Amino acid sequence: MVDWVVPISRRARFVDRSGRTITPTLETVRRAGLAGGLTSVVIEVRGALADVEDRDTVWLLWPEHDLGIVAVGRAQQRPPRRGERPAFEVTVDRTRTRTLMVDPMPAALVHRWITDLHSGTRLDLRPRALEAVQSWEHERAERDEALLRPLGLPSWRTRAAQGGQGRPIDDPLLASIVPFLRSQDFAVGLVTRDRATRLVARRSRDLVVVHAVPGSATRPDRARAVGELREHRWSLQRAHADDRLEVWSWIAFATRPPTDALAFLEDEALVITWGQAGGRVEMSERSKQRWYQRLGVR
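Treat the numbers as computed from the prediction; the structure is a model and nothing was measured.

S.K.: Before we go on, may I ask you to explain the environment of Gly37 in this structure?
M.R.: Structurally, Gly37 is set in the loop between helix H1 (26-35) and strand E4 (38-44). Using a relative accessible area of 10% as the deciding quantity, one classes Gly37 as buried. Along the primary structure Gly37 and Asp171 are separated by 134 residues, whereas in three dimensions their C-alpha atoms are 20 Å apart. Setting aside residues up to four positions removed in sequence, Gly37 forms contacts with Val15, Asp16, Arg17, Ile22 and Ala32.

Laid out in structure tokens, this is it:
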């Protein structure tokens with residue numbers, strides 16, 4: 001038995017506990033995975049996948065927006081049906097998949113070790129890639145805790161899917177930003193402050209506070225967000241002065257701010273992003289320059 005990383009193609013079929021097909025959108029599949037309703041994924045055999053055998057471990061990578069590995073399970077051969085192309089079924093490990101749905105291993109980290117993923121790759125032939133995947137599942141939580149514990153913060157992985165209505169994982173702005181921060185090697189924590197849930201991400205002495213502004217933000221909304229973030233940034237620097245943290249403020253809007261407002265926010269040295277169709281996140285040009293000059297992992 002070997003491990004595989006397999007990109008999920010548009011022809012993949014997601015199956016629930018009743019044997020019904022799940023609509024293949026990220027939101028629907030993630031909701032099913034978090035609720036334990038995703039039981040299997042049918043993968044069409046292409047290229048190297050002809051070598052997949054029963055009980056091989058298959059790590060499923062969601063390629064859109066470079067999201068990353070979102071599920072894991074065991075392969076099982078299935079007899080071809082009339083008119084269908086050859087395929088195998090991945091029986092999902094629900095507990096492990098739930099963790100990956102909350103905190104996917106970023107595609108950027110996978111591609112560091114596998115530059116030619118194509119239809120799928122055997123990880124016994126890429127031992128460093130296998131080590132990275134296993135480390136993400138088993139060791140990353142401890143690394144995150146070591147960075148976040150001094151700040152008194154729970155991690156995104158452990159808390160984002162807890163609770164009922166209003167879970168952080170269900171916030172499209174916060175959930176879309178986490179994979180980017182993870183790809184940049186940040187531990188991501190959660191804090192509730194000023195009646196809002198924020199992300200606080202740490203990598204060594206770099207600290208990023210992310211405040212989400214839902215809907216069409218008005219001028220008072222933007223002003224309030226700037227003021228509250230400034231106060232939060234100041235309190236973190238003061239409380240952890242001995243750690244010599246460099247704290248950055250990030251405002252995530254649901255829609256693109258007006259041009260004048262965007263220019264003002266960038267002049268205030270804030271990182272500015274906004275949501276786009278399909279769950280994509282757009283970062284302003286000056287924010288990109290500031291990020292990659294000072295914070296980014298290329």
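S.K.: How should I be thinking about the pattern of salt bridges in this particular structure?
M.R.: When the charged atoms of two side chains lie near each other, side chains of opposite charge can form a pair. Inspection of the entire model under this criterion finds 27 salt bridges. In this structure, Arg96 and Asp93 form a salt bridge, with 3.9 Å as the shortest nitrogen-oxygen distance. Its relative accessible area of 29% is what places Asp93 among the partly exposed residues. With a shortest N-O distance of 2.6 Å, Arg122 and Asp124 are connected by a salt bridge.

S.K.: Can you help me understand the pairing of strand E10 (residues 196-203) in this one?
M.R.: Each regular strand carries side chains that alternate between the two faces of the sheet. Where burial is concerned, most of E10 is hidden: seven out of the eight residues are buried. As consecutive antiparallel partners, strand E9 (residues 187-193) and E10 are separated by two residues, and within that stretch Asp194 has a phi angle of approximately 55 degrees, a positive value. Two elements, E10 and strand E11 (residues 206-213), share five bridges in a ladder whose sense is antiparallel. Directly across from Arg203, in E11, lies its bridge partner Asp206.

S.K.: Sorry, what's going on with the sheet that holds strand E12 (residues 246-253) here?
M.R.: Whenever strands of a sheet pair, they do so through backbone hydrogen bonds, lying parallel or antiparallel. A sheet is described by the order of its strands in space; here six strands give the open sequence E9-E10-E11-E12-E13-E14, paired in mixed fashion. Of all strands in the sheet, those bounded by a partner on one side alone are E9 and strand E14 (281-283). When strand polarity is set aside, the average angle formed by the axes of neighbouring strands in this sheet is 25 degrees. Of the strand pairs in this sheet, strand E13 (residues 271-275) and E14 are connected by three bridges, and their pairing is antiparallel. Looking across to E14, one finds that Gly275 is bridged to Val281. The sheet strands contacting helix H5 (residues 140-148) are E9 and E10, and the helix crosses E9 at an angle near 50 degrees.

S.K.: I keep staring at the sheet that holds strand E8 (residues 121-122) and nothing clicks. Help me out?
M.R.: Pairing within the open sheet is mixed, and its eight strands lie in the order E3-E2-E4-E7-E6-E5-E1-E8. One side of each edge strand has no neighbouring strand; the edge strands of this open sheet are strand E3 (21-22) and E8.

S.K.: Can you walk me through the pairing of strand E6 (residues 68-77) in this structure?
M.R.: Burial analysis of E6 places seven of its 10 residues in the buried class, the great majority of the element. Of the strand pairs in this sheet, strand E5 (residues 57-62) and E6 are connected by six bridges, and their pairing is antiparallel. Bridge pairing in E6 links Trp59 to Val72. Counting the residues that bridge the hairpin from E5 to E6 gives five residues, and of these His65 lies at a positive phi of roughly 60 degrees. Summarising the sheet, E6 and strand E7 (residues 87-92) pair through five bridges and their orientation is antiparallel. Within the sheet, the bridge partner assigned to Gln76 lies in E7 and is Glu89.

S.K.: Explain the packing of aromatic side chains here, please?
M.R.: By convention here, two paired aromatic rings are described through the distance between centres and the angle between planes. By the definition in use, this model includes five aromatic pairs. Judged by centre distance (6.0 Å) and plane angle (70 degrees), the rings of Phe180 and Trp250 are edge-to-face. Residue Phe180 is located in helix H7 (residues 172-183), and its partner Trp250 is located in strand E12; the two are separated by 70 residues in the primary sequence. The class for Phe180 is partly exposed, based on a relative accessible area of 24%.

Calculation criteria
- Residues numbered from 1 in each chain as written.
- Predicted model: local features only at pLDDT ≥ 70, side-chain atom pairs only at ≥ 80, totals over all residues.
- Heavy atoms only, no water.
- Helix = DSSP H or I, 4+ residues; strand = E, 2+ residues; numbered from the N terminus.
- Buried < 20%, exposed > 50% of the residue type's maximum accessible area, 1.4 Å probe, protein only.
- Contact = heavy atoms within 4.5 Å.
- Salt bridge = Lys/Arg side-chain N within 4 Å of Asp/Glu carboxyl O.
- Pairing = 2+ DSSP bridges.
- Axes fitted to C-alpha atoms, helices over the stretch in contact; angles between N-to-C directions.
- Phe/Tyr/Trp six-rings, centres within 6.5 Å; stacked < 30°, edge-to-face > 60°.

None of the figures reported here should be taken as evidence of function without further support.
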